[in-house]
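Next come the chains, spelled out residue by residue.
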Amino acid sequence: MPAQAYRGKECVCQLRRGVCDQSCVAGMLKTPFYIACLRLSGRRCVVIGGGEVGLEKVEGLLACDADVVLVAPEAEPELVALAGEGSIRWEQREYRPEDLDRALIAIAATADTDVNIRVFEDAEARSMLVNVVDVPPLCNFILPAIVRNGPLAIAISTAGASPALAKRMKREVSELFGEAYAELAVLLNDARGWAKATLPTYQDRKVFFESIVGGEPDPIELLRAGDAQAVRDLIAAAQRTYAPA
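Conventions we followed
Residues numbered from 1 in each chain as written. Predicted model: local features only at pLDDT ≥ 70, side-chain atom pairs only at ≥ 80, totals over all residues. Heavy atoms only, no water. Pairing = 2+ DSSP bridges. Helix = DSSP H or I, 4+ residues; strand = E, 2+ residues; numbered from the N terminus. Axes fitted to C-alpha atoms, helices over the stretch in contact; angles between N-to-C directions. Contact = heavy atoms within 4.5 Å. Salt bridge = Lys/Arg side-chain N within 4 Å of Asp/Glu carboxyl O. Buried < 20%, exposed > 50% of the residue type's maximum accessible area, 1.4 Å probe, protein only. Left-handed = near helix turned anticlockwise from the far one by under 90°. Nonpolar A, V, L, I, M, F, W, Y, C, P; charged D, E, K, R; others polar. Disulfide = S-S within 2.5 Å. 1 Å grid on protein atoms, 1.4 Å probe; cavity = no way out; pocket = protein on both sides within 12 Å on 5 of 7 lines; lining within 4 Å. Points joined across faces, edges and corners; volume = space filled by probe spheres on them. Patch = residues over 30% accessible without salt bridge, like charges linked within 9 Å, V, L, I, M, F, W, Y side chains within 5 Å. Areas by Shrake-Rupley, 256 points an atom, 1.4 Å probe, with all protein chains shown as cover. Lys, Arg positive; Asp, Glu negative; His and termini not counted. Charge placed at Lys NZ, Arg CZ, Asp CG, Glu CD. Phe/Tyr/Trp six-rings, centres within 6.5 Å; stacked < 30°, edge-to-face > 60°.

Trainee: Describe the sheet that holds strand β5 (residues 129–132), naming the residues involved and giving the relevant values.
Mentor: Ordered by their spatial adjacency, five strands build an open sheet running β3-β2-β1-β4-β5, and the pairing between neighbours is parallel. Of all strands in the sheet, those bounded by a partner on one side alone are β3 (89–91) and β5. Taken pair by pair, the neighbouring strands of this sheet meet at an average axis angle of 15°, ignoring direction. With three bridges joining them, strand β2 (residues 67–71) and β3 adopt parallel strand pairing. In the sheet register, L70 faces β3, and the bridge partner there is W90. Along the sheet, helix α1 (residues 52–62) makes contact with β1 (44–48), β2 and β4 (105–108), crossing β1 at roughly 170°.

Trainee: Which residues make up the pattern of salt bridges, and what values go with them?
Mentor: If you walk through the whole model with that rule in mind, you get eight salt bridges. Its salt-bridge partner being E91, residue R93 comes within 3.8 Å of it at the nearest N-O pair. Residue classification places R93 among the buried residues on the basis of a relative accessible area of 18%. With a shortest N-O distance of 2.9 Å, R224 and E221 are connected by a salt bridge. Of this pair, R224 and E221 are both found in helix α8 (residues 219–224), three residues apart, which corresponds to roughly one turn of the helix. According to the relative accessible area criterion, R224 is partly exposed, its value standing at 47%.

Trainee: Tell me about the packing of helix α5 (residues 179–190) against helix α9 (residues 228–242), residues and numbers included.
Mentor: One way to put it is that α5 packs onto α9 with a least axis distance of 11 Å and a crossing angle of 35°. Read as a crossing pair, α5 and α9 show a hand that is right-handed. Contacts between α5 and α9 involve E183, L184, L187 and L188 on the former and, on the latter, A228, V231, R232 and I235. Its residues placed into classes, the contact of α5 with α9 shows six nonpolar, no polar and two charged.

Trainee: Describe the state of the cysteines, listing the residues and the values that go with them.
Mentor: Enumeration according to the criterion identifies zero disulfides in this entry. Between C45, a free cysteine, and C64, which holds the nearest cysteine sulfur, the sulfur-to-sulfur gap is 8.8 Å. Under the relative-accessibility criterion, C45 is labelled buried at 0%.

Trainee: I'd like a rundown of the layout of surface pockets, residues and numbers included.
Mentor: There is about 1,800 Å³ of room inside the largest pocket. Considering the residues around the largest pocket, the lining is formed by 50 residues, among which I142, L143, P144, A145 and I146 are closest to the centre. When residues of the lining of the largest pocket are traced back to their parent elements, those giving at least two are α1, β4, β5, β6 (145–149), β7 (152–156) and α4 (163–176). Ranked by residues supplied to the lining of the largest pocket, first place goes to α1 with six residues. Of the residues assigned to the lining of the largest pocket, the class counts are 36 nonpolar, seven polar and seven charged.

Trainee: If you had to explain a positive patch on the surface to someone new, which residues and values would you point to?
Mentor: On the surface, a cluster of positive charge is contributed by R148, K167, K170 and R171. Considering each element in turn, the positive patch owes the most residues, three residues, to α4. You can see K167 is positioned in helix α4. For K167, a relative accessible area of 62% puts it in the exposed group.

Trainee: Give a detailed account of the packing of aromatic side chains, specifying residues and quantitative values.
Mentor: Counted by the stated rule, this structure contains four aromatic pairs. Taking 4.9 Å as the distance between ring centres and 75° as the angle between the ring planes, the aromatic pair formed by F177 and Y181 counts as edge-to-face. For F177, a relative accessible area of 29% corresponds to the partly exposed category. Here Y181 falls in the partly exposed class, since its relative accessible area comes to 27%. In textbook terms, an aromatic cluster arises when at least three aromatic residues are bridged by ring pairs, as seen for W194, F208, F209 and Y242.

Trainee: Can you break down the pairing of β6 residue by residue, with the values?
Mentor: In β6, alternate side chains face the same way, and those of A145, V147 and N149 are buried while those of I146 and R148 on the opposite face are not. Strand direction decides the pairing type here: β6 and β7, joined by five bridges, are antiparallel. Bridge assignment links N149 to a residue of β7, and that residue is L152. What sits between β6 and β7 in their antiparallel hairpin is a turn of two residues, with G150 showing a positive phi close to 60°.

This is the structure:
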């Protein structure tokens, strides 16, 4: 990360340098991130900050069926509406450390550096996941740009180097891997039970599915042409080929 991007600006991290000297971001682009997909259904996730960024993070968590708690003295009208309909719980006050109790994830989206640092330190003390928006050194996980289409989710990360580039990549990936890929994923999932019950080894199942995905005719092109039945026929033909005698 170029030094000129930070040096001379106000320090917003836990090192409390006063004026940023680049100490906290050294090596960020070389950090190897462990990529995972989290199942958040019913899990307590806390968002601190009720502005536009907080709204964005709340909506992302709700899309994954999380149990969302918002902590903020004031909130955007959309967040107030979500609280009013019962989609989230709104603690209308300043942040307290106990807000993180029993939570899996904390996301700090405030404009107050001291609050953000406290959230990070409190979360780290609990060994939980924490993200302070736009301050990579105050994160033990980062939020990639996500392309969602049915069961497909494609994550795009620049390790915080360029959200603008991630946004462009998201747009291009969305255009490349469209509805046909999501539909194929559903059709292949329908065959998983048969494969597990019929084909004895992982290698057998791997060959079975790869013969469909990489075979001819191309199932993606068939789906783009609107011929889902032809893909079902391909799967049925593969089942007859790979089923034990």
